[in-house]
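An overview of the molecular structure
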Amino acid sequence: MDHGDYGPDLSFNFYQPTRIVFGDGVLKDLGLELKRLGVTRALLVTDQVLRAQGDLVPRVEQALGLRLGGIYDGALPDTPVDCVDAGGAAARQLGCDGVVSLGGGSVIDTAKGITLLLRESGSIRDHQGTQRLTRPLAPHVAIPTTAGTGAEVSAFAVISDPVAREKMHYMDDHLVPSVAVLDPSVTIGLPARLTAATGMDALTHAVESYQTVMRNPLSDANALHAIRLIARWLPVAVHRGHDRVARGQMLLAASMAGLAFNAAGVGLAHAMSHVIGARHHVHHGTANAICLPHVMRFNADEFGGRQADIAAALGLPPSGSEEAQAQAAADAVARLVADVGLPTRLRDVGVPESDLEACAEGSLSDGAIVYNGKFAADRDLVLGVYRAAY
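What comes next concerns the included structure. (Residues numbered from 1 in each chain as written. Predicted model: local features only at pLDDT ≥ 70, side-chain atom pairs only at ≥ 80, totals over all residues. Heavy atoms only, no water.)

In this section: the packing of aromatic side chains. For the structure shown, the criterion picks out 1 aromatic pair. When the ring of F156 is compared with that of F261, the centres are 5.7 Å apart and the planes differ by 40 degrees; the resulting orientation is tilted. Within this pair, whereas F156 is found in strand β7 (residues 156-161), its partner F261 is found in helix α8 (residues 244-264), the two being separated by 105 residues in sequence. Of the residues examined, F156 reaches a relative accessible area of 28% and is grouped as partly exposed. Directly above the ring of Y210 sits R306, whose terminal nitrogen or CZ lies 4.1 Å from the centroid. Looking at K374, its charged tip hangs above the ring of F298, at a distance of 4.1 Å from the centre. (Phe/Tyr/Trp six-rings, centres within 6.5 Å; stacked < 30°, edge-to-face > 60°. Helix = DSSP H or I, 4+ residues; strand = E, 2+ residues; numbered from the N terminus. Buried < 20%, exposed > 50% of the residue type's maximum accessible area, 1.4 Å probe, protein only. Lys NZ or Arg CZ within 6 Å of the ring centre and 35° of its normal.)

Judged by pairing direction, the sheet is mixed, and its 3 strands sit side by side in the order β5-β8-β7 without closing on themselves. Looking along the sheet, the strands with just one partner apiece sit at the ends: β5 (129-130) and β7. Where β7 lies against strand β8 (residues 166-171), 6 bridges are found, and the strand directions are antiparallel. Following the sheet pairing, S160 is matched in β8 by K167. (Pairing = 2+ DSSP bridges.)

The strand order β1-β9-β6-β4-β2-β3 describes an open sheet built from 6 strands, whose pairing is parallel. Two strands lie at the open edges of the sheet, namely β1 (19-22) and β3 (68-72), each paired on one side alone. For this sheet the average axis-to-axis angle between neighbouring strands, irrespective of direction, equals 20 degrees. Note that strand β6 (residues 140-144) and strand β9 (residues 179-182) share 2 bridges and pair parallel. (Axes fitted to C-alpha atoms, helices over the stretch in contact; angles between N-to-C directions.)

Bringing helix α12 (residues 356-363) into the picture now. Buried within α12 we find L356, C359, A360 and S363. Looking straight down α12, one finds its buried side chains confined to an arc of 100 degrees; they lie on one side. Of the surrounding secondary structure, the elements contacted by the buried residues of α12 are α9 (268-280) and α13 (379-389). (Arc of directions from axis to C-beta. Contact = heavy atoms within 4.5 Å.)

Moving on, we get to the packing of helix α10 (residues 284-313) against helix α11 (residues 322-339). At a minimum axis separation of 7 Å, α10 and α11 run at an interaxial angle of 145 degrees. Like other packed secondary-structure pairs, α10 and α11 cross with a definite hand, here right-handed. Here A289, L292, P293, M296, R297, A300, G304, G305, Q307, A308, I310 and A311 of α10 come into contact with α11, specifically with E322, Q325, A326, Q327, A329, A330, D331, V333, A334 and V337. Looking at the contact of α10 with α11, its residues break down into 14 nonpolar, 5 polar and 3 charged. (Left-handed = near helix turned anticlockwise from the far one by under 90°. Nonpolar A, V, L, I, M, F, W, Y, C, P; charged D, E, K, R; others polar.)

The N-to-C vectors of α9 and α10 enclose an angle of 145 degrees; their axes lie 8 Å apart at closest approach. The two elements α9 and α10 cross, and the hand of that crossing is right-handed. Contact residues: α9 offers L268, A269, H270, M272, S273, H274 and I276, while α10 offers H284, A287, N288, C291, L292, V295 and F298. A breakdown of the residues in the contact of α9 with α10 according to their chemical character gives 9 nonpolar, 5 polar and no charged.

The full count for this structure, using the stated rule, is 17 salt bridges. Close ionic contact of E120 with R135 constitutes a salt bridge, the shortest N to O distance being 3.0 Å. Placement of E120 in the loop between α5 (105-119) and β5 and of R135 in the loop between β5 and β6 is noted, with a sequence separation of 15 residues between them. With a relative accessible area of 18%, E120 lands in the buried category. Under the relative-accessibility criterion, R135 is labelled partly exposed at 39%. Among the salt bridges present, the one from R387 reaches E357, with a minimum N-O distance of 3.8 Å. (Salt bridge = Lys/Arg side-chain N within 4 Å of Asp/Glu carboxyl O.)

All right, on to the pairing of β9 then. Across the two faces of β9 the burial is the same, with V179 and V181 and A180 and L182 all buried. When β1 meets β9, the two strands line up parallel, connected through 4 bridges. Its bridge partner lying in β9, R19 is registered against V179.

A volume near 290 Å³ is recorded for the second largest pocket. As for the second largest pocket, its lining consists of 15 residues, and the residues nearest its centre are E166, K167, V275, G362 and S365. At the level of secondary structure, the elements contributing two or more residues to the lining of the second largest pocket comprise β8, α9 and α12. Residue contributions to the lining of the second largest pocket peak at 4 residues, all from α9. Taken together, the residues that form the lining of the second largest pocket break down as 4 nonpolar, 6 polar and 5 charged. (1 Å grid on protein atoms, 1.4 Å probe; cavity = no way out; pocket = protein on both sides within 12 Å on 5 of 7 lines; lining within 4 Å. Points joined across faces, edges and corners; volume = space filled by probe spheres on them.)

Laid out in structure tokens, this is it:
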């Protein structure tokens, strides 16, 4: 199959229970959302940086009012196991019956783990896997402060084990947040570099979900429109960070990309970036930005038509063969990475050439690789893409 053509044997499911609340200033309605969910004591999950800087945490506290059961600010980048377990213990001790997350993907993933531990016993480590949960979790209202991960609408969580230098993957319908509050005012203070990296994470979700083996018409629609929005608004959000229209459009794009990959999955770029992040502590969005153009070139011979669609969504005029348009799409993504000020090579983010073989080997065990539309689960194939990205 190519482009948007699907045969009579098409079969898919698209499950999305998240209520999306969008608008400048909708943060003030947070208490009403918790009332609708029946939450009486919510644990506010955030990180120490957000709590110490700006007015976001006080704004959330004010919006929650008497429904605020306590604050856990122990979330850390890459969502370590110990932070999730400590958050779960805090939620139980405070008698909380729901969770509100305020932050980026790591904070939202921490909150997903805490909602799990409010219902289930043990450590978050004990529940790793796919569709293992048998009952609903505590309600979770996610307030993303970055426009990138799509965690506010996804069934996925990634928890890191710093000792083993690996990332554990969780996928369960019960992990999907109950509500996503998309308020452009919340992202105004995001630094340009983080705006760029998280925006490229969203673009990678959209591009990869459009080329996976699980793609379907509904994921396609969300993916393509997310690509259109990101191509237009990410440079504006990076270079004019106080532009509320750009910030709002990026929040929508990130959630649309999240809806796409929640149904269709991601591919080789994510398999590579997960390993790079675990082994060399490269920011996930930055790793995706570096890898994505090279993965698109790798996929081009089997997905030239779909990458021509991506080229059109990026705003490129149709020109030449589908293969030429596929290469043009990859080149356009590479230009966008440079335009928003991100590094373009693995060597520039501290990945040593001597570790590329180990990274390639590690990528083979990452679940994302099996969804890549073109077969990629071969060490030498992956190593070739790593070397191109190096």
